[in-house]
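For reference, the chains in residue letters:
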Amino acid sequence: MAEDKQADKVASSETVEKAAPEKTAKAAPAKAAKAPAPPDPRVEQAKQQGEAIKVAIEQKLGAGTVEEVIASKEVPILRIASAKWREAITFLRDDPEQRFDYIELFAGTDYKDYIEVVLYLHAMSRGTYISVKTRTPREQAVLPSLAPVFPGVNWEEREVFDLLGVTFEGHPDLRRIMMWDGWNGHPLRKDYSEFENMPQRGGEPRG
Amino acid sequence: MSTSLRTEEMILNVGPQHPSTHGVFRLVVTLDGEQIIDADPVVGYLHRGTEKLAEGLQYTQIIPYTDRLDYLAAMLNNYALVHTVEYALDLEIPARAEYLRVIVMELNRIASHLLFLGTYLLDLGAMSPFLYVFQERERIVQLFNEICGARLTYNYMRVGGVKWDAPPGWIEKVRDFIPFMREKVKMYDKLISGNEIFLHRVRGIGVITKEDALQYSLSGINLRSTGIAFDLRKNRPYSLYNQFEFDVVTGKNGDCFDRYYLHLEEIRQSLRIVEQAVAQIPEGPVLGKVPKLIRVPAGEYYRSIEGARGELGVYIVSDGKDKPYRLKLRRPSFVNLQILRKLLIGQSMANLIAILGAVDIVLGEVDA
Amino acid sequence: MFSWQTQPLTWMHFLGMLIGAVIVLFLVLFIVMYTIYFERKVIGWMQNRIGPNRVGPFGLLQSAADVFKLLLKEDIIPANADRPMFLIAPIIAFVPSFMVLAVIPYTATHIFTAGLNVGVLYYIALSSISIVGIVLGGWASNNKYSLVGGLRSAAQMISYEIPLGLSILGVIMLAGSLNLNTIVTHQATDRFGWYIIPQIIGFVVFVIAAIAELNRTPFDLPEAESELVAGYFTEYTGFRFAFYMLAEYVYVFAISALGTTLFLGGWEGPFLPSWLWFAIKTSAFIFFLFWVRATMPRIRIDQLMGFAWKVLIPVALFNILLTGALSLIL
Amino acid sequence: MFGFLKGLSVTFGQLTKKKLTLQYPEVKPEWPERFRGIHEFIPELCIVCNQCARICPTSCISLSGSRDENKKMHIDTYDINFEICILCDLCTEVCPTESIRMTDRFELATYSRDDLYKDMHWLYENHVKHGSYQRLQEEKAKAAQEAQEQAAKEAKVEAAAKSSGEGGDA
């Protein structure tokens, strides 16, 4: 029975893998189109807010910096080109209009086609918060590090590096943080299999 | 012949098995005499891959796993998860359930802060407070045991409400607990806050500036000790917190003493909230109308609550299935611990434990 | 008053002395056993626990069981330790703790007491030898925590010897003698009563310095378990560990006995037999040590050193001046 | 200046307070009704719906059942692996017939890991020694009912005997 369940689980996770890319890939842009159908005032308002920030960013950093503006409930979500990632975050922190000076969340997600890094920024003085994200291809996942701007993302970036395999350029100390150095693969990637990536036993070599 | 004395840096491994690291935490300290010139925190010894596990579990099944993150404040973890799911589903929660949630969450916050007091004083060498705090904590834990059948891993909240209604007489017991706890807080003030040795060890030690606190994304007491009044219960009210009267207490100097004292103060504030909640709690159902299989609509959701150690957030990416596509936990201990290196460098070895203890980490949460 | 010193040394007398020494040894072991029991009970009660109660009635045999356990345990010597030093260090720490007991006047009849004319000096001189044992143990263990603990204890104990000695000077000035027996008899006839009254400053300094000498909370830095795991005896096991423990508790008794003798009138007191008075006063002193331990957090090493040199020594010196001035005037 | 004296007074005040130690192995703690201890399993009630095994977050329950001649499902094996069970209570929550319940037994220490693999019989016996609240309640009610029936039966027999005696007389 236990084996059945195990098999069941593996199967279901495979279906997730198969189903997810189309769905999520669709979901993200589709949401913008879908949302107005029952016009959710929160989403609309958030999007307006997001557009305003987009204008501000692009004024400073040039058109194309913000690739997409969507919203989840009342939170505006801005997708920023990975090349301008650090500049955009620095701008959002330092601009007197924005002053998003506090990082609430730093998360990475593997979407099969690309890896997305999400930030929730909070403006202490105003009490508003937005979400910014950026994408990087799965093979050769590289992003500019935010650690020089926000030292507090140091470990978060290490965690994303460890579990999702995104290399952060300019990070002062990019090492695995949860897994030990001899670990193979990146466990939070959707195609990670604990059977193929049997880890090296024992962790650090003893002196 | 050289006349200068050859000196050598000493590398000291504090942990992973050390009495004061509160679990399996390792700190590689490089010492020049008594001075710390580098400190490298090594975490991950308790990593259980909760986020990975959650991708294969239904939302209800994840709740017991959240119990095991910050095991001193499991009610708050429970709530963080179910709150995010409820937020994603736009669920209405029955009033009684919300009140029960607030009561257990604040009680849990008190229990967690009490344990901080005890362990912090134990780190500093006083052992009696450690045993005293367990007496009050025991009463809270017994209350939890009566309401949900467990003392530590509660698994009490459900999407849409709570699992059990309060047993008969439980609310009265909570009411009786409040004056008892107030007396005890006074006792701690008397026992600890005035002690000269204690003051000398924590005043002006491990000072965090406002700028650092923001840059390092500190939250909870670590942030408030610097004077920034940021408490999600006030700033972004969730649950019923906008209905209760309480203060966001802040520190002045951002030192270890402020952090210690804020714990005491927050116990007082939590008691105020519990008092109001107990007085107002209505009758009614404790579980709203929830589909049998909870499917979160596709999209991404992030909600955070004021955990016992700071901003406790849950980020869910859903593809519309009954299991999260990705679940990220914003663990306050993990984020707060990063500043440790900055606080330690330049300090003397003797301050190490005082600083580490005041950051107030739980390794279950750091490593997830 | 019978005294061994006034008798010629014959074989019979030597035998008597030997038997006396063995009796004192066992007596002290007994006292130490129950000091530990007393400590665990007192601290337990202060923490709303009941303390040891499993072995024997009321747990009275708990310490005996602990000692047996330690004696039966494997004696582990770390591979990288300095073997001969590691082996000898506990003994160096332990032996002086017993030797200092020779000068303590327990009763009105000094049957077990050497009426040494430099009794106070002898006590202070011998008790500092224990430091060597502690430093050696910390060094020889080849463990960083042990080393830090051992060096801390060296710094601490040497620093606190000075205020300890200075605080006693006041008593010596009043009594006019270094002989502990004489000091006790002087207190009985002194117009101020026990020396705790005219020497209250000296007494406070003595208590603080004594706690520091004993490495007990709040001055237990050499073995600060939350920082240094166990300090200088981190690597010790079995009966070598027991030696350190024993030395520590013998010193608890010895310093309490010294404090009683110097400031609380020793065995002196009405109605009750003298040994009982001595026991009561010493127990009160010991109780105070345990009480402090149950309450205080640990002081920091640099503050500890600063406290000795910047506060205690000046205060003790001032006390000497004051004593001198007062004895001139009054 | 003398804050530590206040502290000393606090600790001294505790000396005479009531001591709180629970003499654990001799005195067992009393658990509330909802306490989540080791399960008991009542095979008669089980309908092999598999819900407990499905909801279990750690997959520690394995069970199998078969249909009898009346097409009713019967449980054949039911095992819980207490090495990985986290006593989260989700299995009892979903069980439609309450055939799996939680007792107030909490001691699980064994000398071997194999001993933590508990089968149906062990789980069924679990209540007998350690008393699941509901189970005991049921048994009590059952015993009371039986006693009542017994008494009723005896009364009947007596009455019958009486009447037969009377009949005999007549």
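All of these numbers come straight from a predicted model, not from anything done at the bench. Here, residues in each chain are numbered from 1, in the same order as that chain's written sequence. Think of it this way: whatever chain is written first is A, whatever ligand is written first is 1, and the rest follow in order. Local features in a predicted model are, by the rule used here, given only for residues with pLDDT of at least 70; side-chain atom pairs are given and counted only at 80 or more, and totals for whole chains, interfaces and linings are based on all residues. Side-chain measures were taken over the full set of non-hydrogen atoms in the model, leaving aside hydrogen atoms and water.

### Details of the overall build of chain B
The condition that has to hold: In this description a helix means any DSSP run of H or I spanning at least four residues, a strand means any run of E spanning at least two, and both kinds are numbered starting from the N terminus. We compute the radius of gyration from the C-alpha atoms alone; for a globule the expected value is 2.2 Å times N to the 0.38, where N is the number of residues. Relative accessibility under 20% of the residue-type maximum defines a buried residue, over 50% an exposed one, and the middle range a partly exposed one, all with a 1.4 Å probe and only protein chains included.
The number of helices and strands found in chain B is 15 helices and eight strands. Here the C-alpha radius of gyration of chain B, 21 Å, is about what a compact globule of 368 residues would show, namely 21 Å. Each principal axis of the C-alpha atoms in chain B carries an extent, and together these give about 85 × 50 × 35 Å. By residue count, 69% of the 368 residues in chain B fall in the buried class.

### Observations concerning the interface of chain D and chain C
Operational definition: A contact between two residues is defined here by any heavy atoms of the two lying within 4.5 Å. The term buried area means the drop in 1.4 Å probe accessible area that two parts suffer when joined, counted for both and summed. Salt bridge, as used here: a side-chain nitrogen of Lys or Arg that lies within 4 Å of a carboxyl oxygen of Asp or Glu.
Of the residues lining the interface, 14 residues belong to chain D; the matching set on chain C comes to 14 residues. Interface area for chain D against chain C, summed over the two sides, is near 1300 Å², with a carbon-plus-sulfur share of 65%. If you look at where chain D meets chain C, you find one salt bridge. A salt bridge links R54 of chain C to E26 of chain D, with the nearest nitrogen and oxygen atoms 2.8 Å apart.

### Re the environment of T134 of chain A
All names here are of chain A. For the record, the criterion: Pairing of N or O atoms within 3.5 Å defines a polar contact, subject to two protein rules: one partner must be a possible hydrogen donor and the other a possible acceptor, and residues neighboring in sequence count only if both atoms are side-chain atoms.
Along the polypeptide, T134 turns up in strand β5 (residues 129-137). For T134, a relative accessible area of 0% translates into the label buried. Distance in space between the C-alpha atoms of T134 and F106 is 12 Å, their sequence separation being 28 residues. What T134 contacts, discounting residues up to four positions off in sequence, is I80, A81, S82, W85, I115, E116, V117 and L143. At 2.8 Å, the side chain of T134 forms a polar contact with the backbone oxygen of I80.

### Notes on the arrangement of the chains
There are five pairs of chains in contact here, and the one with the most contacts is chains A and B. In this view chain A stays clear of chain C, with the nearest C-alpha atoms of the two still 15 Å from each other.

### So, the environment of R137 of chain B
Residue and element names in this part refer to chain B. Note that R137 resides in helix α5 (residues 128-148). Taking C-alpha positions, R137 is 31 Å from R341, a pair spaced 204 residues apart along the chain. The contact partners of R137, leaving out residues within four places of it in the chain, are L72, A111, L114, L115 and L152.

### What about the interface of chain B and chain A?
On the side of chain A, 54 residues touch chain B, which itself brings 48 residues to the contact. Taken together, the connections running from chain B to chain A amount to ten salt bridges. Linking R42 of chain A and D90 of chain B is a salt bridge whose minimum nitrogen-to-oxygen distance equals 3.1 Å. Inspection of the region where chain B meets chain A yields 28 residue pairs in polar contact (both at pLDDT 80 or more).

### Let's talk about the packing of helix α4 (residues 119-127) of chain C against helix α10 (residues 238-263) of chain C
Residue and element names in this part refer to chain C. The following threshold applies: For helices, the fitted axis covers only the stretch in contact; all axes are lines through C-alpha atoms, and the angles between them, taken along N-to-C directions, range from 0 to 180 degrees. Angle categories are assigned with fixed cut-offs, so that under 35 degrees is roughly parallel, over 145 is roughly antiparallel, 65 to 115 is roughly perpendicular, and the rest are oblique. Should the near helix be turned counterclockwise from the far one by less than a right angle, the crossing is left-handed, whereas a clockwise turn marks it as right-handed. When residue character is reported, Ala, Val, Leu, Ile, Met, Phe, Trp, Tyr, Cys and Pro are called nonpolar, Asp, Glu, Lys and Arg charged, and the others, Gly included, polar.
Taken N-terminus to C-terminus, the directions of α4 and α10 make an angle of 155°; their axes are 12 Å apart at the nearest point. By the criterion of interaxial angle, the relationship of α4 to α10 is roughly antiparallel. Taken as a pair, α4 and α10 cross one another with a handedness that is left-handed. Residues V120, Y123, L126 and S127 of α4 pack against Y251, A254, I255, L258 and L262 of α10. Grouping the amino acids of the contact of α4 with α10 by side-chain chemistry returns eight nonpolar, one polar and no charged.

### Focus: helix α11 (residues 256-280) of chain B
Going by this rule: Expected span of a helix, by definition, is 1.5 Å for each gap between consecutive residues, and there is one gap fewer than residues.
Taking 1.5 Å as the rise per residue, α11 of chain B with 25 residues should run 36 Å; its terminal C-alpha atoms sit 36 Å apart, in good agreement. With 19 of 25 residues buried, α11 of chain B lies mostly within the body of the structure.

### Let's talk about unusual backbone geometry
Positioned with a positive phi, Q140 of chain A is a non-glycine residue whose angle comes to about 55°. As for its placement among the helices and strands, Q140 of chain A is situated in the loop between β5 and β6 (142-144). Its identity is not glycine, yet E98 of chain D carries a phi of approximately 55°, on the positive side. Relative to the assigned elements, E98 of chain D resides in the loop between α3 (90-94) and β4 (100-102).

### Comments concerning the sheet that holds β5 of chain A
All names here are of chain A. Spelled out, the test is: Strands are treated as partners if at least two bridges between them are detected by DSSP.
Read across the sheet, five strands follow the order β1-β2-β5-β4-β3 without closing on themselves; strand pairing throughout is mixed. Two strands close off the open sheet at either side, each with one partner strand: β1 (66-72) and β3 (102-110). Here the average twist between neighbouring strands, direction ignored, is 20°. Where strand β4 (residues 114-122) lies against β5, nine bridges are found, and the strand directions are antiparallel. Paired with H122 across the bridge in β5 is Y129. Against the sheet, helix α2 (residues 41-61) contacts β1, β2 (75-80) and β5, and its axis sits at roughly 155° relative to β1. Lying on the sheet, helix α3 (residues 85-94) is in contact with β2, β4 and β5; it crosses β5 at an angle near 170°.

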